[in-house]
Amino acid sequence: MERSPGEGPSPSPMDQPSAPSDPTDQPPAAHAKLDPGSGGQPAGPGAAGEALAVLTSFGRRLLVLIPVYLAGAVGLSVGFVLFGLALYLGWRRVRDEKERSLRAARQLLDDEEQLTAKTLYMSHRELPAWVSFPDVEKAEWLNKIVAQVWPFLGQYMEKLLAETVAPAVRGSNPHLQTFTFTRVELGEKPLRIIGVKVHPGQRKEQILLDLNISYVGDVQIDVEVKKYFCKAGVKGMQLHGVLRVILEPLIGDLPIVGAVSMFFIRRPTLDINWTGMTNLLDIPGLSSLSDTMIMDSIAAFLVLPNRLLVPLVPDLQDVAQLRSPLPRGIIRIHLLAARGLSSKDKYVKGLIEGKSDPYALVRLGTQTFCSRVIDEELNPQWGETYEVMVHEVPGQEIEVEVFDKDPDKDDFLGRMKLDVGKVLQAGVLDDWFPLQGGQGQVHLRLEWLSLLSDAEKLEQVLQWNRGVSSRPEPPSAAILVVYLDRAQDLPLKKGNKEPNPMVQLSIQDVTQESKAVYSTNCPVWEEAFRFFLQDPQSQELDVQILYLDSSEICFPTVPGSPGAWDVDSESPQRGSSVDAPPRPCHTTPDSQFGTEHVLRIHVLEAQDLIAKDRFLGGLVKGKSDPYVKLKLAGRSFRSHVVREDLNPRWNEVFEVIVTSVPGQELEVEVFDKDLDKDDFLGRCKVSLTTVLNSGFLDEWLTLEDVPSGRLHLRLERLTPRPTAAELEEVLQVNSLIQTQKSAELAAALLSVYMERAEDLPLRKGTKPPNPYATLTVGDTSHKTKTVSQTSAPVWDESASFLIRKPHIESLELQVRGEGTGLLGSLSLPLSELLVADQLCLDRWFTLSSGQGQVLLRAQLGILVSQHSGVEAHSHSYSHSSSSLSEEPELWGGPPHITSSAPELRQRLTHVDSPLEAPAGPLGQVKLTVWYYSEERKLVSIVHGCRALRQNGRDPPDPYVSLLLLPDKNRGTKRKTSQKKRTLSPEFNERFEWELPLDEALRRKLDVSVKSNSSFMSRERELLGKV
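Note that this is a predicted model, so its numbers are computed, not measured.

Caption draft 1: Looking closely at the overall build of the protein. Helix and strand counts for the protein stand at 12 helices and 52 strands. Scored against the burial criterion, the 1026 residues of the protein give a buried share of 42%. Taking as baseline every contact in the protein between residues at least 6 positions apart, the subset at least 24 positions apart corresponds to 64%.

In structure tokens:
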């Protein structure tokens, strides 16, 4: 802006001290002191005011002591008082800073016109027409229009909140039925447009404007929930940002402009002053968190690539293109390195200066990427590549921020910004960029990639990408933009209820979801989704329509497949009447019922983990105490901690029920266990689609976001089989591959479909109950929804359970009424399913109360492992405790399981029966011995003994001792726990020896069953020997 000549700058009103011009400006107390008629005493009103002020001050200080008194009265320590005081001081500081910032911003806006007149013009006249602005122009005429419209906009907002928003909030939750807006005022400070910049149109049919908006308002909105005496609200807010307005298309008819598009190019800054219960959001930590969450909501609606489209003419063409236009191009960002960074780490309370652990955040609009952390390095080398979509040129900026990773709060090392227009002009930009707000430089290589609408050069691009090494993701060859408009005539849920549909789109491991549209079978989404494609010739787009409040999938990806359109179909029944539908004989689950798999996750070991433990203030570097966290399908698992080991071995197995919905990932994170906060050692992700398709995955996975480390995982998909023929083999294999640190492995999967109930007992004889059902197997339970006011509820819900011992476990069902207690129960032993056809029962079951029935389907599937590394065979041997030379050779063939029941007798006799060995005079011991080639271990499981001989008056206290001959030292000796006073002890204990296969073939296993002779004696009585 040019300043008019002939008038120098004048000081602002804030720079001039305001001194009173006459004694009348002095406070009343000063007049009282100078009044000669008062005899030097203050006047009555002044004395009363001063006394009242002293009493008020004393009362406030007395109120401060009340929490201290209460803390002492209930016996709390001084730490609670100090913590509360620190919390209050932090809240007060944040509060004062916000109020001070609001006052300063308001004063600046109030004085802006006066300051401009004093500094730029010869007089207080309006801005001359000949004064020009080279880049950003002021639009005071627009601000005057906004100021005049502002009160009426406030009336509209008050009406909108009271008549539309408040009823919707009250209807969303029964606890909010007394929700009201008690005060809605937009205040007297309107939104101001600081500057307007008009860009030369990229096309002739559009106009681009950038509005630099600033809102420092005294808005006040108060809400109240009278039922809970809860009040909250907002009093004052700041919002600053650049709003881009695009007027397009320009048409040859009124109103000339076909539509208006609005969006923020970058995330605007926001500051909110809370009142009432929301005062808690001004506590340090919560303040920035709440503002960030609100800004994320705004960004999801009005920050690129999201935009608000307002059509101005009916039947506008290419609405989808206007609402989500194709990106202008792609920028491939190579984050190479940085140099000269400042050191932030300090040791021994700042006496010793360390280095930094830098990482970088790369941001363009809502697209954000985080590099890996380089430990203790001021000149880090990242060598990572990211790809971002550019939607607006000029306007968007690439922003790189560098931080030092710390356990508490990361230290800021600097940032740089670059307009994408410079990359477009240069094509390729490779340079060192200085960091602002810190020291050092960051090395970036930026490439502009144009988008072509044909596939002529696709093969050339694919061949070029194959020769490019890129981390963490391979380079892309194309992008896919999907515009989701609407759907029509979706099937209703059971009971002719309107669904809450949403759409899930997946390409390999990347899944995006639309918003949910509630209570309609003709939803309108009007959303755009964007995907990077590495190879368009081999990748597929998978589209699923889901109902939000159920797990059913309306439309599979293959049109016309069975069950695609009959989500709620039921088979016709004979004998139906006009008044009521016939009672079904069997359940009608959806097509996805019983299609779950079980994923068995074997966490084996890790190598080359980074050391995080430090001693003596960081001078001595230790190791790490690593453990693994797994997240999949809404469940989390955690391994045990291996102490002080950078190459830990966990050997743990976890199991989780999964579906075939694409886009799922197994998230794996490794941490170092510490007393305060656990340190991060790396992460990796595994696509579930790969495992479900191949059935097995055994890989070393490189840990991301850390300099070194890799993790060995073995994943297997177990598909349930509807036959019990292999159950005994599965139970045997599970006992062999069972690890000491893991829970018992599942042998089957139980799927239960709970459809409905009938004839439930009424409440107090006449009122129908509000029934719900709970399904329980072991320590796992599933609760159905509650159906109100009916004795014949329809649930239509399914649940799945992992079964470890199908012979002895049972399904427990309880039907309860909300507020009325138990209505009926059912216990279904799973042994009944084992003898049923296809391991399935589908019928009506009578509840134990005698009144009421439930219709359910229980389906069992046996989980057979194809990659356990063992084969199950059953043999029985009987041999003597004295004829050891005639003992059968255990290792004379290929490694396999040998499940034997050796008999303790005087002479060796071979028994041909594979199932049972006859009991000898000394009894039997049941063993399982096998060699695990993958682990290079000899494994023995001692199951138990039976028919042991009793030599004295009392039964023995037996235990089993194992010795690996010819060595007789402690290193090869193992023994079970001791069982008290029994002739048929059960041990089920597992023992391992680490040795190569060739050595195992030369060894013999000596098995002795012993008992303590007496309480005070160390002698052992030999009951038998193998």
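Caption draft 2: Representation of the nonpolar core in the model. Leu 750 and Val 854 are the most contacted members of the largest nonpolar core, which has 37 residues in total. In this structure Leu 750 touches Val 777, Ala 799, Ser 800, Phe 801, Ile 803, Leu 811, Leu 830, Leu 833, Ala 858, Gln 859 and Leu 860, once residues within four positions along its chain are discounted. Leu 681, Val 691, Leu 713 and Leu 715 belong to the second largest nonpolar core, which has 31 residues in total.

Caption draft 3: Molecular detail of the sheet that holds strand E32 (residues 696-702). Read across the sheet, four strands follow the order E29-E24-E33-E32 without closing on themselves; strand pairing throughout is antiparallel. Either end of the sheet is taken by a strand with one partner, and the two such strands are strand E29 (649-658) and E32. Across the sheet, the axes of successive neighbouring strands diverge by a mean angle of 20°, strand direction being ignored. Judged from the seven bridges that link them, E32 and strand E33 (residues 710-718) form a sheet pairing that is antiparallel. By the bridge assignment, Glu 699 is partnered in E33 with Leu 713.

Caption draft 4: Quick look at the pattern of salt bridges. For the structure on display, the rule yields 33 salt bridges. In this structure, Arg 307 and Glu 392 form a salt bridge, with 3.6 Å as the shortest nitrogen-oxygen distance. In this pair, Arg 307 sits in the loop between helix H5 (286-302) and strand E7 (308-311) while Glu 392 sits in the loop between strand E13 (381-390) and strand E14 (397-404), placing the two residues 85 residues apart along the sequence. Here Arg 307 matches Glu 392 in class, with each residue buried. Note that Glu 726 and Arg 721 form a salt bridge whose closest N and O atoms lie 3.0 Å from each other.

Caption draft 5: Spotlight on empty space enclosed by the protein. Per the stated rule, a full pass over the model turns up five cavities of 30 Å³ or more. Here the largest cavity defines a volume of roughly 150 Å³. Taken together, 13 residues form the lining of the largest cavity, with Arg 600, His 602, Arg 714, Ile 737 and His 867 sitting closest to its centre. Only strand E24 (597-607) and E33 provide two or more residues apiece to the lining of the largest cavity. No other element matches E33, which puts three residues into the lining of the largest cavity. Among the residues forming the lining of the largest cavity, the class breakdown is six nonpolar, four polar and three charged.

Caption draft 6: Just helix H8 (residues 458-466), in detail. If you check which residues of H8 are buried, you get Leu 458, Leu 462 and Asn 465. Projected down its long axis, H8 carries its buried residues within an arc of 65°, all on one side. In H8, the exposed positions that point more than 90 degrees away from the buried face belong to Gln 460, Gln 463 and Trp 464. Those residues of H8 that are buried are in contact with strand E8 (329-339).

Caption draft 7: Main features of the packing of aromatic side chains. Evaluation of the coordinates by the stated rule reveals eight aromatic pairs. With a centroid separation of 5.9 Å and an interplanar angle of 25°, the aromatic rings of Tyr 359 and Phe 403 are classed as stacked. Of the two residues, Tyr 359 is situated in strand E11 (residues 358-364) and Phe 403 in strand E14; the sequence distance between them amounts to 44 residues. Judged by relative accessible area, which is 9%, Tyr 359 ranks as buried. Owing to a relative accessible area of 15%, Phe 403 belongs among the buried residues under this scheme. Ring pairs connect the aromatic residues Tyr 359, Phe 403 and Phe 412, which therefore count as one cluster. Just above the ring of Trp 432 sits the side chain of Arg 339; from NZ or CZ to the centre is 3.9 Å. Directly above the ring of Tyr 627 sits Arg 638, whose terminal nitrogen or CZ lies 4.0 Å from the centroid.

Caption draft 8: Structural context of the pairing of strand E39 (residues 810-817). When strand E36 (residues 771-777) meets E39, the two strands line up antiparallel, connected through six bridges. When the bridges of E39 are listed, Ala 773 appears paired with Val 815. Taken together, the eight bridges between E39 and strand E40 (residues 821-829) define a ladder with antiparallel strand orientation. Opposite Ser 810, over in E40, you have Pro 829 as the bridge partner. As consecutive antiparallel partners, E39 and E40 are separated by three residues, and within that stretch Gly 819 has a phi angle of approximately 90°, a positive value.

Caption draft 9: The confidence of the model for the protein, seen in detail. Per-residue confidence for the protein gives a mean pLDDT of 76, with 78% of residues at or over 70. In the model, residues 121-125 has pLDDT below 50 throughout and makes 10 contacts with residues more than four positions away in sequence or in other chains. A low-confidence stretch, residues 551-580 stays under pLDDT 50, and its non-local contacts, those more than four residues away or across chains, total 40 contacts.

Thresholds applied
Residues numbered from 1 in each chain as written. Predicted model: local features only at pLDDT ≥ 70, side-chain atom pairs only at ≥ 80, totals over all residues. Heavy atoms only, no water. Helix = DSSP H or I, 4+ residues; strand = E, 2+ residues; numbered from the N terminus. Buried < 20%, exposed > 50% of the residue type's maximum accessible area, 1.4 Å probe, protein only. Contact = heavy atoms within 4.5 Å. Core = buried A, V, L, I, M, F, W, Y, C linked by side-chain atoms within 4.5 Å. Pairing = 2+ DSSP bridges. Axes fitted to C-alpha atoms, helices over the stretch in contact; angles between N-to-C directions. Salt bridge = Lys/Arg side-chain N within 4 Å of Asp/Glu carboxyl O. 1 Å grid on protein atoms, 1.4 Å probe; cavity = no way out; pocket = protein on both sides within 12 Å on 5 of 7 lines; lining within 4 Å. Points joined across faces, edges and corners; volume = space filled by probe spheres on them. Nonpolar A, V, L, I, M, F, W, Y, C, P; charged D, E, K, R; others polar. Arc of directions from axis to C-beta. Phe/Tyr/Trp six-rings, centres within 6.5 Å; stacked < 30°, edge-to-face > 60°. Lys NZ or Arg CZ within 6 Å of the ring centre and 35° of its normal. pLDDT = per-residue confidence, 0-100.

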